[in-house]
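Here are the chains, one letter per residue:
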Amino acid sequence: KTAIYNKVTNDMFFKTNVKMVESDNTLYSDYLDVVGKENTVKAYDNVKFYNNEGYGFADQVEVDINTKTSKISMYDDTQIIMKVKTEWVVQKNLEF
């Protein structure tokens, strides 16, 4: 519901009920930062994500726009829970 945009750096910072949609991927979080200089998108706090392959819950998801890789993690030792197709995946930190 709230966003800050930096015209000089093109950085964007969103908070409160954030929804991001890219192709068939949807992500919800409390905060989402798009940092142009670092070419990253970082969603954090109450992150929920899904697509037609499955869904998951984590404390934070960071996407490297250049390499198109994602790092999914928790703030503590709590495990990440994801359902991918028909199998449960439980990890402390996940990178793909």
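The rules behind each value
Residues numbered from 1 in each chain as written. Predicted model: local features only at pLDDT ≥ 70, side-chain atom pairs only at ≥ 80, totals over all residues. Heavy atoms only, no water. Helix = DSSP H or I, 4+ residues; strand = E, 2+ residues; numbered from the N terminus. Buried < 20%, exposed > 50% of the residue type's maximum accessible area, 1.4 Å probe, protein only. Contact = heavy atoms within 4.5 Å. Areas by Shrake-Rupley, 256 points an atom, 1.4 Å probe, with all protein chains shown as cover. pLDDT = per-residue confidence, 0-100. Core = buried A, V, L, I, M, F, W, Y, C linked by side-chain atoms within 4.5 Å. Polar contact = N/O pair within 3.5 Å; in protein donor to acceptor, adjacent residues only side chain to side chain. Lys, Arg positive; Asp, Glu negative; His and termini not counted. Salt bridge = Lys/Arg side-chain N within 4 Å of Asp/Glu carboxyl O.

Novice: Got a sec to walk through the overall build of the protein? Specific residues and values, please.
Specialist: Helix and strand content of the protein: 0 helices and 9 strands. Element order for the protein, N to C, with α for helix and β for strand: β-β-β-β-β-β-β-β-β. Split into buried and exposed, the 96 residues of the protein put 29% on the buried side. Within the protein, contacts between residues separated by at least 24 positions form 21% of all contacts whose residues are at least 6 apart in sequence. Accessible surface, the protein: about 6800 Å² in total, of which carbon and sulfur atoms supply 51%.

Novice: Give a detailed account of the confidence of the model for the protein, specifying residues and quantitative values.
Specialist: When pLDDT is averaged along the protein, the result is 87, and 88% of the positions lie at 70 or above. Mean pLDDT across the elements of the protein bottoms out in strand E9 (residues 93-95) (52) and peaks in strand E3 (residues 25-35) (95).

Novice: Just give me the short version of the environment of Ser70, but keep the residues and values in it.
Specialist: Positionally, Ser70 belongs in strand E6 (residues 69-73). In sequence terms Ser70 and Thr40 are 30 residues apart; their C-alpha atoms lie 9.7 Å from each other.

Novice: An account of the nonpolar core is requested, with residue identities and associated values reported.
Specialist: Side chains of nonpolar character tend, in soluble globular proteins, to be buried together. Counting residues in each nonpolar core, the largest one holds 14 residues, and the members touching the most others are Leu27, Leu32, Val47, Phe49, Val61 and Ile72. The set of elements that each furnish at least two residues to this core consists of E3, strand E4 (40-51), strand E5 (54-64) and strand E7 (80-84). Per-element tally for this core: the top contributor is E4, with 4 residues.

Novice: Run through unusual backbone geometry, naming residues and quoting values.
Specialist: Phi at Ser23 takes a positive value of approximately 55°, unusual for a residue other than glycine. Looking at the element boundaries, Ser23 is found in the loop between strand E2 (12-22) and E3. Take Ser23: its relative accessible area is 64%, and that puts it in the exposed class. For Asn39, which is not a glycine, the phi torsion comes out positive at approximately 55°. For Asn39, the position within the fold is in the loop between E3 and E4.

Novice: Describe the environment of Thr78, and please don't skip the residues or the numbers.
Specialist: You can see Thr78 is positioned in the loop between E6 and E7. Through-space distance from the C-alpha of Thr78 to that of Asp59 is 9.5 Å; in sequence the pair is 19 residues apart. Among the polar contacts listed, one links the side chain of Thr78 to the side chain of Asp76, at a separation of 2.5 Å.

Novice: Describe the side chain of Asp59, and please don't skip the residues or the numbers.
Specialist: When you line up the elements, Asp59 lands in strand E5. Although buried, Asp59 forms no salt bridge, and the nearest oppositely charged side chain, Lys48, lies 9.9 Å from it. A distance of 2.8 Å separates the side chain of Asp59 from the backbone nitrogen of Tyr75, its partner in a polar contact. Discounting chain neighbours no more than four positions away, the residues touching Asp59 are Ala43, Tyr44, Asp45, Val47, Ser73, Met74 and Tyr75.

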